[in-house]
Amino acid sequence: MDVAKIKEDFPIFKKRKIIYLDNAASTQKPIQVINEIVDFYENHYSNIHRGLHILSQEASEIYEESKKIVANFINAYSWREIIYVRNTTEAINLIANTLPLNKGDKVVTTIMEHHSNFLPWLRLKKLKKIQLEIVDINEEQELDMNDLEKKAKDAKVIAVTFVSNVLGNINDLKEIRRIADENASILIVDGAQGVPHLLTNVKRMKVDFLAFSAHKMLGPSGIGILYGKEELLEELDVFLVGGGMIKDVRMDEFVPAELPWKFEAGTPFIEGAVGLKAAIEYLTTVGMENIEKHERELIKLLVDGLEEQNIEYYGSRKIKKRSSLVSFNIKGIHAHDVAEYLNYKHIAVRSGLHCAHPLHRRLNIPASVRASVYLYNNEEDIIALLDALKRLIKELNI
Amino acid sequence: MDLIKILKALKLIKKHKLKDANVVLYGSNPYHCGDNITLYLKIENGIIKDASFEGTGCNILMYATSKFIEHIKGKNVKEILELSDREFLKEIDLADISKSRLQCALLPLKTFKEKLPRI
Ligand SMILES: Cc1ncc(COP(=O)(O)O)c(C=O)c1O
């Protein structure tokens, strides 16, 4: 994997002097993605759903082609299982709002979830009086599988993140699937931090629903993906209603369209689908295994450097269980101040609670600094970050 | 703004509760921040006789709040209510603070203006 060559593909790195380590929030876009969107606008743009004119036919085909590429990327059974929404958050809201859950039904989620896989369930607790169980982390700051096993008893739904956006841990989805099977639970996976960095195979992982966002994997912001097993999607009620999602409408009733259109009301983000397609083609060309390996090397360098400086960081100590990000804190300096100092040094990281308030409370920290890598980052980026932290600590004499 | 200077100045800041405070104001920056401060004020006849603060949060917030406390002591409440954001930032040497940190620096003034019971 030639990182220097990859970096060349990203115009922003030629135009701006910045070490970009905020990839968990969103990633930069390669020229291939930018060009494909421009080409679509210049040569093929129209609304989809098979208008009879040539442009609409082309746009419809391109839109469907995008879904086929996504289906292939995660090894779905069919492109009809790929629903386009705005982002991960909307995808999870869609499932939470359409699953037939009733009073007393048990939903299990975890303390390490991003709010987008937490609030939809928390709200159902109020609205439908579901029973919500929240699985804890253990002393290793990994998901407590014993706690999960206990709490999952007779659960209707287990909703868990693939990779924690604060701890950086990769959850053991195989074991979680086993527990879900024992209880005949539906398994919903928040793939926002997992799918962009790890080879994802929904057949092998046997997830029932998977949500992720294009903007975290080189694609446009504003388009997200909900994968669902066809037979489950068929059973779900419709979500948003209106144009585009129906087969027929009469004065007093409507018949929803076939999958995937049943869940896509209104004109979708067509050029977003085009950009997503190009992004996945880019990632596939580089190879997800290569990306994963490269990122793990960078993360190892980073955690080793943090350990050497006695900087507290969070999540699993086992490098094999970690993905592309590390959150940390320097004693005596608030995360925001660290991030601002790094900004002066042209290093972009994120500070705050990363939409994970319950987890920060659980870790008993007011905030954290998060550095996250992607395929275009290199060792020099990590060394620059570690050097800047060293200098900050030295200057403040703490 | 010299971040390092501010961070260093922090070591000298003393947070404490004012025992004879007659007004206590709590302010927080919600969402991504979680920062919060409590202002303790002793106000007599519209004059701020004494003030102190406690709180947790980023160092800009702590610095701005300690400067705010320093600034308001002995002043008329009305005078502080009329203080503009820009004047305050200038007063505490943070006129060039970045946009993303504005809410940290302005929290003490905002808390004072919004939470002080109108008499
Ligand atoms: C684990 C996780 N889930 C969900 C989200 C939400 O993604 P989006 O803002 O694209 O809906 C994020 C990203 O911030 C995330 O890291």
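Look a little higher up for the structure.
First, a word on scope: everything that follows refers to the structure included in this document.

Cut-offs used in this document
- Residues numbered from 1 in each chain as written.
- Chains lettered and ligands numbered in written order.
- Predicted model: local features only at pLDDT ≥ 70, side-chain atom pairs only at ≥ 80, totals over all residues.
- Heavy atoms only, no water.
- Contact = heavy atoms within 4.5 Å.
- Buried area = accessible area lost by both parts, 1.4 Å probe.
- Salt bridge = Lys/Arg side-chain N within 4 Å of Asp/Glu carboxyl O.
- Polar contact = N/O pair within 3.5 Å; in protein donor to acceptor, adjacent residues only side chain to side chain.
- Helix = DSSP H or I, 4+ residues; strand = E, 2+ residues; numbered from the N terminus.
- Nonpolar A, V, L, I, M, F, W, Y, C, P; charged D, E, K, R; others polar.
- Near = heavy atom within 4 Å.
- Areas by Shrake-Rupley, 256 points an atom, 1.4 Å probe, with all protein chains shown as cover.
- 1 Å grid on protein atoms, 1.4 Å probe; cavity = no way out; pocket = protein on both sides within 12 Å on 5 of 7 lines; lining within 4 Å.
- Sits in = over half its atoms within 2 Å of the grid points.
- Expected span 1.5 Å × (residues − 1).
- Bend = angle between axes of the 7 residues up to and from the residue.
- Buried < 20%, exposed > 50% of the residue type's maximum accessible area, 1.4 Å probe, protein only.
- Core = buried A, V, L, I, M, F, W, Y, C linked by side-chain atoms within 4.5 Å.
- Domains from an automatic or database assignment.

## Focus on the interface of chain A and chain B
Then, in step 1: Each partner contributes residues to the interface: chain A has 18 residues there, and chain B has 17 residues.
Then, in step 2: Summed over both sides, the interface between chain A and chain B buries roughly 1400 Å², with carbon and sulfur atoms accounting for 56% of that surface.
Then, in step 3: Linking chain A with chain B are 2 salt bridges.
Then, in step 4: Residue R101(B) pairs with E340(A) through a salt bridge whose shortest N-O separation is 2.3 Å.
Then, in step 5: On inspection of chain A and its partner chain B, the count reaches 7 residue pairs in polar contact (both at pLDDT 80 or more).
Then, in step 6: With 5 residues, helix α13 (residues 335-344) of chain A is the largest single contributor of residues to the side of chain A that touches chain B.
Then, in step 7: Residue classes in the side of chain A that touches chain B are distributed as 9 nonpolar, 6 polar and 3 charged.

## Comments concerning the side chain of H354(A)
Residues and elements named next belong to chain A.
Then, in step 1: One can find H354 in the loop between β14 (350-352) and α14 (357-363).
Then, in step 2: Of the polar contacts made by the side chain of H354, one reaches the side chain of S368; its length is 3.0 Å.
Then, in step 3: In this structure H354 touches H114, N165, V166, H360, S368, V369 and R370, once residues within four positions along its chain are discounted.

## Quick notes on the site of the ligand
Residues and elements named next belong to chain A.
Then, in step 1: Among the 13 residues in the neighbourhood of the ligand, the closest are listed as T89, D190, Q193, S213 and K216.
Then, in step 2: Between the ligand and the protein, one listed contact pairs an oxygen atom with a backbone N or O atom of T88 at 3.3 Å.
Then, in step 3: Take S213: an N or O atom from its side chain is 2.6 Å from an oxygen atom of the ligand.
Then, in step 4: Bound to the protein, the ligand loses 87% of the 390 Å² it would expose on its own.
Then, in step 5: Given that more than half its atoms are within 2 Å of the pocket grid, the ligand belongs to the largest pocket.
Then, in step 6: Looking at the shell around the ligand, its residues break down into 1 nonpolar, 10 polar and 2 charged.

## So, helix α5 (residues 102-115) of chain B
Residue and element names in this part refer to chain B.
Then, in step 1: Relative to the 20 Å expected for 14 residues at 1.5 Å per residue, α5 spans 19 Å between its end C-alpha atoms, a close match to the ideal helical length.
Then, in step 2: At P108, α5 is bent by approximately 45°, the largest bend along its length.
Then, in step 3: By the burial criterion, the buried members of α5 are C104, A105, L106, L107, P108, L109, T111 and F112.
Then, in step 4: Those residues of α5 that are buried are in contact with β1 (23-28), β2 (36-44), β3 (47-56), α2 (59-72), α3 (77-81) and α4 (85-91).

## Regarding the nonpolar core
Then, in step 1: One finds I74(A), I158(A) and L375(A) to be the most contacted residues of the largest nonpolar core, which totals 75 residues.
Then, in step 2: The dominant element in this core, judged by the number of residues it contributes, is helix α11 (residues 270-286) of chain A, at 10 residues.
Then, in step 3: Mapped onto the domain boundaries, this core takes at least three residues apiece from domain 1 (3-27 + 287-395) and domain 2 (33-285) of chain A.
Then, in step 4: When sequence neighbours within four positions are dropped, the list of residues in contact with L375(A) reads M1(A), V3(A), I6(A), L218(A), Y282(A), L283(A), V286(A), I291(A), H294(A) and E295(A).
Then, in step 5: Listed in part, the 71 residues of the second largest apolar core include I19(A), L392(A), L94(B) and A105(B).

The analysis is restricted to geometry; functional conclusions fall outside its scope.
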